[in-house]
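Residue strings, one per chain:
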Amino acid sequence: MSELKKTYLHVFDESTIYNVNKLESDGYIGQLSGPIGSGKESYVFLSTDLQKRKVAVKIHRHNIESFKEIPSYLRFRGSKTGGFLKTIDDWSRYEFTFMSKAFSVGVNSPEPYRLFRNIIVMQFIGEDDTPANTAVKDTNFNLDSWYTKIIDFIVKLGQKGFLHGDLSPYNILNFKGEPYLIDFSQALKLTNFTKDFLVRDILNINNWFNKLGKKELLNTEEIISRIDKNL
Ligand SMILES: Nc1ncnc2c1ncn2[C@@H]1O[C@H](COP(=O)(O)OP(=O)(O)OP(=O)(O)O)[C@@H](O)[C@H]1O
Ligand SMILES: [Mg+2]
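Residues numbered from 1 in each chain as written. Chains lettered and ligands numbered in written order. Predicted model: local features only at pLDDT ≥ 70, side-chain atom pairs only at ≥ 80, totals over all residues. Heavy atoms only, no water.

Draft legend 1. Fine view of the overall build of the chain. Along the chain, the regular secondary structure elements total 6 helices and 12 strands. Buried residues in the chain amount to 48% of all 231 residues. Taking all contacts inside the chain whose residues are at least 6 apart in sequence as the whole, residues at least 24 apart take part in 62%. Put simply, the chain shows about 11700 Å² of open surface, and 48% of that area lies on carbon and sulfur atoms. (Helix = DSSP H or I, 4+ residues; strand = E, 2+ residues; numbered from the N terminus. Buried < 20%, exposed > 50% of the residue type's maximum accessible area, 1.4 Å probe, protein only. Contact = heavy atoms within 4.5 Å. Areas by Shrake-Rupley, 256 points an atom, 1.4 Å probe, with all protein chains shown as cover.)

What follows is the structure, given as structure tokens:
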């Protein structure tokens, strides 16, 4: 076992270590380096797969502390049976499913490669071993073109029947001057019941661009009517 895995033994439970080893023996990942990102609920590592592609490995933590309060929107995802570990795996599965849909409709996002339980292996967005910065850190982009693109992404996701759910400059990477959406872990199917989450995403983007000095923002209703006139 690599040093890094030993280091993370204290944060990852045994089943996660098993899952990492399984992905490694199946060639989807190699040694982990990093982490390149970490949040309350996940770690993201850089690795290389058997095909020599750079991959990002997002591991949702099997940590009961951070999952004590399952966010209220999870109720929109239907029943949760099968216990705690399954809930964490569901989280990864939702993220993987929605990221796949986003990628399939041409929204800039990492290409999802493999899902195994609580681990997602996806395209690494970055150059050499350096991940692209979030749009919080790197605001070196064209305001008008980014606004148009990000609104178009929201509309494309909506037309595909879902919403990102946590859209903010923290979950947008600036890769070679282009916006890439990441972190689909809070995505939801778009219905009349989840429309408020879509509105929140749009307002987050509008507020952010407003602060950056962009004039002529589209209003929420106009964006929603591009998605579906009946919403
Ligand atoms: N495909 C990727 N390529 C490069 N860097 C990535 C990639 N995915 C994630 N990252 C890095 O890891 C950080 C955390 O990723 P992400 O936003 O998906 O996780 P999180 O905020 O911890 O998610 P969650 O809300 O699921 O706990 C990102 O801010 C980004 O810097
Ligand atoms: Mg995030």
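Now that the structure has been shown, the text picks up again.
Draft legend 2. Structural context of the packing of aromatic side chains. Applying the stated criterion across every chain yields a total of 11 aromatic pairs. Judged by centre distance (6.3 Å) and plane angle (15°), the rings of Tyr 94 and Phe 98 are stacked. Of the two residues, Tyr 94 and Phe 98 are both situated in helix H3 (residues 83-104); the distance of 4 residues between them amounts to about one turn of the helix. The interplanar angle of 75° and the centroid separation of 5.6 Å between the aromatic rings of Phe 175 and Tyr 180 together place this pair among those described as edge-to-face. There is no split in this pair, since Phe 175 and Tyr 180 are both buried. (Phe/Tyr/Trp six-rings, centres within 6.5 Å; stacked < 30°, edge-to-face > 60°.)

Draft legend 3. Quick peek at the sheet that holds strand S2 (residues 42-48). One open sheet holds the 5 strands; their spatial order is S1-S2-S3-S5-S4, and the pairing between them is antiparallel. Each edge of the open sheet is held by one strand with a lone partner, namely strand S1 (33-38) and strand S4 (112-116). Neighbouring strand axes in the sheet, compared pairwise and without regard to direction, differ in orientation by 25° on average. Where S1 lies against S2, 3 bridges are found, and the strand directions are antiparallel. Bridge assignment links Gly 37 to a residue of S2, and that residue is Val 44. Those strands touched by helix H2 (residues 14-25) are strand S3 (54-60), S4 and strand S5 (119-123), and its axis lies near 40° from that of S5. (Pairing = 2+ DSSP bridges. Axes fitted to C-alpha atoms, helices over the stretch in contact; angles between N-to-C directions.)

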